[in-house]
Amino acid sequence: MALISGLTSTIGGVAAGNVAVTGGAATVELTVPESLSGAQSIVITAAPSNTVVRIPVTVAPALAPTTPTRLFDTREGAGPNLAITVPKAKVGPGTVLEVKVTGVAGVPNAGVAAVSLNVTATNVEGDAYVAVSPCGPRKLVSNLNAARGETVANAVVVPVSAGGTICFTANAAVDLV
């Protein structure tokens, strides 16, 4: 006589996959609906006793691509048709450029864990590194490096702070695009 039968699984109240029992061990294969993210519970129910097991999980949000958009440009004379207005000044020692990225250029207002950017340093006044991080306590990790006079771009994936901002710092004066 089988001790476990009729197993079903759900996540977020939605049927999520298959449960198989082999040699007394249950294996759950889940397909998480794209609409779910954040704190959820996997619920496994065994029939006929209706024994329920709840397993708390965190579901990472899905990647939501947006149309490529130039967010900002710190260079003097940069065009007016940018998504975000920032000071027209180089970022360098002792300065932090804080940019709100949620709620602009197709990025949702809430539920954003990280953004993917192409960051360009130009008009570099010395050997420089540029660090991009969520605003708040930062780890100084270089996202891009440039020598005096170079223009260098790099792809950056950066977590977004709780306030929807990211911060740019540099150890030498640079314009950022």
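To be clear, the structure that these remarks concern was listed above.
Rules and cut-offs
Position numbers for residues count from 1 along each chain, tracking the sequence in the order it is written. Restriction of local features to residues with pLDDT of at least 70 applies here, the model being predicted, together with a cutoff of 80 or more for giving and counting side-chain atom pairs; totals for whole chains, interfaces and linings are based on all residues. For the side-chain quantities, the full set of heavy atoms in the structure was used; hydrogens and water were omitted. A run of H or I in DSSP becomes a helix once it reaches four residues, and a run of E becomes a strand once it reaches two; helices and strands are each numbered from the N terminus. We call a residue buried when its accessible area falls under 20% of the maximum for its residue type, exposed when it is over 50%, and partly exposed in between, using a 1.4 Å probe and counting protein chains only. Contacts are assigned to residue pairs that have any heavy atoms within 4.5 Å of one another. Pairing between two strands requires that DSSP report at least two bridges joining them. In this analysis an axis means a line fitted to C-alpha atoms, helices contributing only their contacting stretch, and an angle means the value between N-to-C directions, from 0 to 180 degrees. Any Lys or Arg side-chain nitrogen located within 4 Å of an Asp or Glu carboxyl oxygen qualifies as a salt bridge. Cavity means a closed set of points on a 1 Å grid over the protein atoms alone, one where a 1.4 Å probe fits but cannot get out, pocket means an open set with protein on both sides within 12 Å along at least 5 of 7 lines, and lining means a residue has an atom within 4 Å of a point. Grid points are joined across faces, edges and corners, and a volume is the space filled by probe spheres set on the points. Note on residue categories: nonpolar means Ala, Val, Leu, Ile, Met, Phe, Trp, Tyr, Cys or Pro, charged means Asp, Glu, Lys or Arg, and polar means any other residue, Gly included. What counts as a disulfide here is a pair of cysteine sulfur atoms lying within 2.5 Å.

Overview of the environment of Val 86
At step 1: Summarising the element assignment, Val 86 is placed in the loop between β6 (51–59) and β7 (97–100).
At step 2: A relative accessible area of 8% places Val 86 in the buried class.
At step 3: Here the alpha-carbon distance between Val 86 and Thr 74, two residues 12 residues apart in the chain, equals 6.6 Å.
At step 4: What Val 86 contacts, discounting residues up to four positions off in sequence, is Phe 72, Asp 73, Thr 74, Leu 97 and Val 99.

Structural notes on the sheet that holds strand β10 (residues 144–146)
At step 1: The strand order β7-β12-β9-β10 describes an open sheet built from four strands, whose pairing is antiparallel. Each end of this open sheet is capped by a strand with a single partner; those strands are β7 and β10. Recorded for the sheet is a direction-independent mean angle of 20 degrees between the axes of neighbouring strands.
At step 2: Sheet topology note: the strand β9 (residues 128–134)/β10 ladder contains three bridges and is antiparallel. The residue bridging Val 130 from the neighbouring strand is Leu 144, located in β10.

A closer look at the sheet that holds strand β11 (residues 152–159)
Strand pairing within a sheet occurs via backbone hydrogen bonds; the two strands may be parallel or antiparallel.
At step 1: An order of β11-β8-β13 is seen for the three strands of this open sheet, with the pairing classed as antiparallel. Unpaired on one side and paired on the other, β11 and β13 (175–176) mark the two borders of the sheet.
At step 2: Relative to β11, strand β8 (residues 114–122) runs antiparallel, the two sharing eight bridges. When the bridges of β11 are listed, Ala 114 appears paired with Pro 159.

Remarks on the pattern of salt bridges
At step 1: All chains considered together, the criterion is met by three salt bridges.
At step 2: With its nearest N and O atoms 4.0 Å apart, the salt bridge here joins Arg 70 to Asp 73.
At step 3: The exposure class of Asp 73 is buried, given its relative accessible area of 2%.
At step 4: When the shortest N-O distance is used, the salt bridge between Arg 75 and Asp 73 registers 2.6 Å.
At step 5: The partly exposed category is assigned to Arg 75, whose relative accessible area is 28%.
At step 6: Connected through shared salt-bridge partners, Arg 70, Asp 73 and Arg 75 make up one network.

Observations regarding the layout of surface pockets
At step 1: Counted as a void, the largest pocket has a volume near 840 Å³.
At step 2: Taken together, 30 residues make up the lining of the largest pocket; nearest its centre are Thr 66, Val 107, Val 115, Ser 116 and Leu 117.
At step 3: Here the lining of the largest pocket takes seven residues from β8, the largest share from any one element.
At step 4: Among the residues forming the lining of the largest pocket, the class breakdown is 22 nonpolar, seven polar and one charged.

Some points on the state of the cysteines
At step 1: Evaluation of the coordinates by the stated rule reveals one disulfide.
At step 2: In this model Cys 135 forms its disulfide with Cys 167; the gap between the sulfur atoms is 2.0 Å. Disulfide Cys 135-Cys 167: torsion about the S-S bond near 105 degrees, hence right-handed. Remark: Cys 167 occurs in strand β12 (residues 165–170) and Cys 135 occurs in the loop between β9 and β10; sequence separation between them is 32 residues.
At step 3: Relative accessible area serves as the criterion here: at 17%, Cys 135 is assigned to the buried category.
At step 4: A relative accessible area of 2% means that Cys 167 is categorised as buried.

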